[in-house]
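Structure assessment
Each chain is listed here by its residues.
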Amino acid sequence: AVVSTQSTGGPNGGIITALNLFATKFDQILSILEKKEDLDFVLVDTPGQIEVFTWSASGTIISESLARSYPTVIAYVMDTVRCTNPVTFMSNMMYACSIMYKTRLPLIVVMNKTDVVDNQFAVDWMADFETFQEALDAHPSYSSNLSRSMSLVLDEFYQDLRTVGVSAVTGSGCTSFFGAVSTAVREYYSEYVPYLEELRAAIAERRQGEMEEQLKRLKVDRGEEVKFGTGQEEEEEEVSAATLHQLPSLSNYNDEEHVESGDDPEEVQYEDTTMAEASFDRFCKS
């Protein structure tokens, strides 16, 4: 309430501001959890607008920070009473699907308030497409056609979806819920952890490439030679360069020969010209 009052963005701006502030201090939350070694479960509630937490940068930071430190499971709690309307039910299923694919974490759909309305109707809708179509026909509306089409799309999504009916008032279904959490934890280790390792390897490889690119640019700026290829090719190039460096050039060889013989280069050139003229005269006389 204090953040909402001080923020100029209204209630929604206050929620986002509070979430951003909470994300900046989330390392302290992790430090507190590390000290609580005797806990079997840690429940992190995210009240407020689900879109803000799911699709904001702060919500991603919080969920990924937890998932990288502890086995993390997403529990999507839905109001069973309101979901008796098939359009509302389909809206909740769309939310659950988007959250699962956004976080890539194991998901459990928790159908609350089973003490008021039993959740068996929702289980039947997910298991039988025709049953859901009949419910849509009984509740005609503008969005019924969209819900009918989306039910076909989500049919495969329902097959691997874990659902549990609970009552927060009576406590019924809590045993089934914790059983589903244990199953989801095994899925976390079998599917999310390998994905996390691949992500870390990709990040490390990208950082290594960036460091090498920066090093090459630094060498170019300093005027150093940047060599490409294998180490063997570089060694061969160095040996060849050293061999050529040791060989004397032709110009040096000629100069040294003339110096050792004591002849002047201009005199030698004059003598060669005179001999050529004499040979040409003898050829003409013959």
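Owing to the predicted nature of the structure, the values given are computational and were not obtained by experimental measurement.

A closer look at the packing of aromatic side chains
- Counted according to the given criterion, the structure contains eleven aromatic pairs.
- Considering the side-chain rings of Phe121 and Trp125, the 5.1 Å spacing of their centres and the 80° angle between planes classify their relative orientation as edge-to-face. Of the two residues, Phe121 and Trp125 both sit in helix H7 (residues 120–127), four residues apart, roughly one turn of that helix. Accessibility classification places Phe121 together with Trp125 in one group, the buried group.

Some thoughts on the pairing of strand S3 (residues 162–165)
- Here S3 shows a buried face lined by Arg162 and Val164 and an unburied face lined by Thr163 and Gly165.
- Examined bridge by bridge, strand S2 (residues 107–112) and S3 share four bridges and lie parallel to one another. Looking at S3, one finds that Met111 is bridged to Gly165.

Things to note about the pattern of salt bridges
- Under the counting rule described, the total for this entry stands at seven salt bridges.
- For the salt bridge of Glu64 with Arg68, the shortest nitrogen-to-oxygen distance reads 3.9 Å. Residue Glu64 and its partner Arg68 are both found in helix H5 (residues 57–69); the two are separated by four residues, about one turn of the helix.
- Residue Glu64 is classed as partly exposed on the basis of its relative accessible area, which comes to 35%.
- When its relative accessible area of 43% is taken as the criterion, Arg68 is described as partly exposed.
- Connected through salt bridges with shared partners, the residues Asp79, Arg82 and Lys113 form a single ionic network.

A few points about the layout of surface pockets
- Here the second largest pocket is characterised by a volume of approximately 370 Å³.
- Lining the second largest pocket are 15 residues, with Met100, Tyr101, Leu105, Glu187 and Glu191 sitting closest to its centre.
- Mapped by element, the contributors of at least two residues to the lining of the second largest pocket are helix H6 (86–103), helix H10 (155–159) and helix H11 (174–221).
- In terms of residue count, the dominant contributor to the lining of the second largest pocket is H11 (four residues).
- Here the residues of the lining of the second largest pocket sort into nine nonpolar, no polar and six charged.

A short note on the confidence of the model for the chain
- A residue-level look at the chain finds 74% of positions with pLDDT of 70 or above and a mean pLDDT of 78.
- S2 holds the highest mean pLDDT among the elements of the chain, 95, whereas helix H13 (residues 250–261) holds the lowest, 44.
- The low-confidence segment residues 239–263, where pLDDT is below 50, has two contacts with residues more than four positions distant or belonging to other chains.

Some words on H7
- All of the buried residues along H7 are Phe121, Ala122, Trp125 and Met126. One side of H7 holds all its buried residues, which, seen down the axis, span an arc of 135°.
- Buried residues along H7 sit against H6, S2, helix H8 (129–138), H10 and S3.

Details of the sheet that holds S3
- An order of S1-S2-S3 is seen for the three strands of this open sheet, with the pairing classed as parallel. The open sheet is flanked by strand S1 (74–79) and S3, the only strands paired with a single partner. Across this sheet, the average inter-strand angle for adjacent strands is 25°, counted without regard to direction.
- Taken strand by strand, H6 contacts S1 and S2, and its axis lies near 170° from that of S1.

Considering empty space enclosed by the protein
- With the rule as written, the count across this model stands at one cavity of 30 Å³ or more.
- The volume enclosed by the largest cavity comes to roughly 50 Å³.
- Lining the largest cavity are Met90, Trp125, Met126, Phe129, Phe132, Ser151, Asp155 and Tyr158.
- Counted by class, the lining of the largest cavity contains six nonpolar, one polar and one charged residues.

Brief notes about helix H3 (residues 26–35)
- Among the residues making up H3, those that are buried are Phe26, Leu30 and Leu33. All buried residues of H3 fall inside an arc of 60° around its axis, so they share one side.
- Packing partners of the buried residues in H3 comprise helix H2 (10–24) and H5.

Some points on a negative patch on the surface
- A cluster of acidic residues, Asp124, Asp128, Glu130 and Glu134, forms a negative patch on the protein surface.
- With respect to the element layout, Asp128 can be found in the loop between H7 and H8.

Focus on unusual backbone geometry
- Although it is not a glycine, Arg104 sits at a positive phi angle of roughly 60°.
- Here Arg104 lies in the loop between H6 and S2.
- The residue Lys113 is not glycine, and still its phi comes out positive at about 65°.
- Assignment of secondary structure puts Lys113 in the loop between S2 and H7.

What counts, and at which threshold
- Residues numbered from 1 in each chain as written.
- Predicted model: local features only at pLDDT ≥ 70, side-chain atom pairs only at ≥ 80, totals over all residues.
- Heavy atoms only, no water.
- Phe/Tyr/Trp six-rings, centres within 6.5 Å; stacked < 30°, edge-to-face > 60°.
- Helix = DSSP H or I, 4+ residues; strand = E, 2+ residues; numbered from the N terminus.
- Buried < 20%, exposed > 50% of the residue type's maximum accessible area, 1.4 Å probe, protein only.
- Pairing = 2+ DSSP bridges.
- Salt bridge = Lys/Arg side-chain N within 4 Å of Asp/Glu carboxyl O.
- 1 Å grid on protein atoms, 1.4 Å probe; cavity = no way out; pocket = protein on both sides within 12 Å on 5 of 7 lines; lining within 4 Å.
- Points joined across faces, edges and corners; volume = space filled by probe spheres on them.
- Nonpolar A, V, L, I, M, F, W, Y, C, P; charged D, E, K, R; others polar.
- pLDDT = per-residue confidence, 0-100.
- Contact = heavy atoms within 4.5 Å.
- Arc of directions from axis to C-beta.
- Axes fitted to C-alpha atoms, helices over the stretch in contact; angles between N-to-C directions.
- Patch = residues over 30% accessible without salt bridge, like charges linked within 9 Å, V, L, I, M, F, W, Y side chains within 5 Å.
- Areas by Shrake-Rupley, 256 points an atom, 1.4 Å probe, with all protein chains shown as cover.
- Lys, Arg positive; Asp, Glu negative; His and termini not counted.
- Charge placed at Lys NZ, Arg CZ, Asp CG, Glu CD.

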